[in-house]
Amino acid sequence: MSKDCIFCKIVNKEIPADVVFEDDQVIAFNDIAPQAPVHVIIIPKEHFESILSVPAGNDIISHMHTVANRIALKTGIAKTGFRLVNNCGKDGNQTVPHLHYHLLGGRPLLWPPG
Ligand code: 5GP
Ligand code: ZN
């Protein structure tokens, strides 16, 4: 837990979120400013500042991908396609310094993203 981290506050239910999946390791919730009909944020309950902070051998990334697949199947975007995105650091436009994936779908997504 990082004291001033907004995603840690969601993990600890200190601020509300529209949670779509939760287990002992991760929580997933709808993005507050959705960029697509489906836009889910998937985070580990443990605070890692970014994907670079995850120690080798830790299976959290693999687990987050498994959870993304489950949500893609449940929301229907597995049928039409989707994007699973990790923004890392300044040039990656990471605005919340708690590791997360964006799961986006429900419309055609442009590439490259800009
Ligand atoms: P980043 O730019 O760090 O990759 O993405 C952070 C995402 O978190 C943004 O899409 C932003 O809309 C979302 N976000 C930021 N604060 C909150 C919040 O308090 N609640 C929810 N549900 N999403 C948030
Ligand atoms: Zn955090």
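It should be noted that the structure appears before, not after, this text.
These numbers come from a predicted model, not from an experiment. Within each chain, residues carry numbers counting from 1 in the order of the written sequence. Whichever chain is written first becomes A and whichever ligand is written first becomes 1, with later ones labelled in order. Totals for whole chains, interfaces and linings use all residues, but because this is a predicted model, local features are given only for residues with pLDDT of at least 70 and pairs of side-chain atoms are given and counted only at 80 or more.

Engineer: So what's going on with the nonpolar core? Which residues, and what values?
Structural biologist: Only buried Ala, Val, Leu, Ile, Met, Phe, Trp, Tyr and Cys residues enter a nonpolar core, and they are joined through C-beta atoms within 7 Å. Comment: burial labels come from other C-beta atoms within 10 Å of the residue's own C-beta, placed from the backbone, where a count of 20 or more is buried, 12 or fewer is exposed, and between is partly exposed. Among the nonpolar cores identified, the biggest contains 21 residues, and A28, I42, A68 and L103 are the most heavily contacted of them. Contributions of two or more residues to this core are made by helix 1 (6-11), strand 2 (26-30), strand 3 (38-44), helix 2 (60-75) and strand 5 (101-105). Residues are treated as contacting if the C-beta atoms built from their backbones sit within 7 Å of each other. Every residue in contact with L103, bar those within four places of it in the chain, is listed here: V38, V40, I42, A68, I71, A72, F82 and L84. A run of DSSP states H or I qualifies as a helix once it reaches four residues; a run of E qualifies as a strand once it reaches two. Both are numbered from the N-terminal end.

Engineer: Quick one: what's the story with the site of ligand 1, residue by residue and with numbers?
Structural biologist: What makes a residue near a molecule or strand is its C-beta atom, placed from the backbone, lying within 6 Å of it. Inspection of the region around ligand 1 gives I6, A17, F29, D31, I32, A33, I41, N87, N93, Q94, T95 and V96 as its neighbouring residues. Of the residues belonging to the shell around ligand 1, the class tally is 7 nonpolar, 4 polar and 1 charged. Under this grouping Gly is polar, as are all residues other than the nonpolar Ala, Val, Leu, Ile, Met, Phe, Trp, Tyr, Cys and Pro and the charged Asp, Glu, Lys and Arg.

Engineer: Tell me about the sheet that holds strand 4 (residues 82-85), and please be specific about residues and values.
Structural biologist: In space, the 5 strands of this open sheet follow the order 1-2-3-5-4, with antiparallel pairing throughout. Because the sheet does not close on itself, it has two edges, and the strands there are strand 1 (19-22) and strand 4. Going from strand to strand, the sheet's axes swing by 15 degrees on average, the running direction of each strand aside. Strand pairing is assigned whenever DSSP identifies at least 2 bridges connecting the two strands. Sheet analysis places strand 3 next to strand 5, joined by 5 bridges and oriented antiparallel. Residue pairing in the sheet places I42 in a bridge with Y101 of strand 5. The axes are straight lines fitted to the C-alpha atoms, using for helices just the contacting stretch, and the angles between their N-to-C directions are given from 0 to 180°.

Engineer: An account of the pairing of strand 2 is needed here, citing residue identities and associated values.
Structural biologist: Across 3 bridges, the pairing between strand 1 and strand 2 is antiparallel. Residue pairing for strand 2: F21 is matched across the bridge by A28. Between the end of strand 1 and the start of strand 2, which pair antiparallel, lie 3 residues. As judged from the 5 bridges shared by strand 2 and strand 3, these two strands associate in the antiparallel manner. Looking at strand 3, one finds that N30 is bridged to V40.

Engineer: Hey, could you go over the environment of G81 for me, with residue numbers and the actual values?
Structural biologist: Residue position: G81 is located in the loop between helix 3 (77-80) and strand 4. By C-beta crowding, G81 is classed as exposed, having 11 other C-beta atoms within 10 Å. In this structure the C-alpha to C-alpha distance between G81 and L52, which are 29 residues apart in sequence, comes to 27 Å.

Engineer: Break down the environment of V38 for me, citing the residues and quoting the values.
Structural biologist: On the secondary structure map, V38 appears in strand 3. Counting along the chain gives 20 residues from V38 to D18, while the straight-line C-alpha distance between them is 13 Å. With residues near it in sequence (within four places) discarded, V38 still touches T75, I77, L103, L104, G105 and G106.

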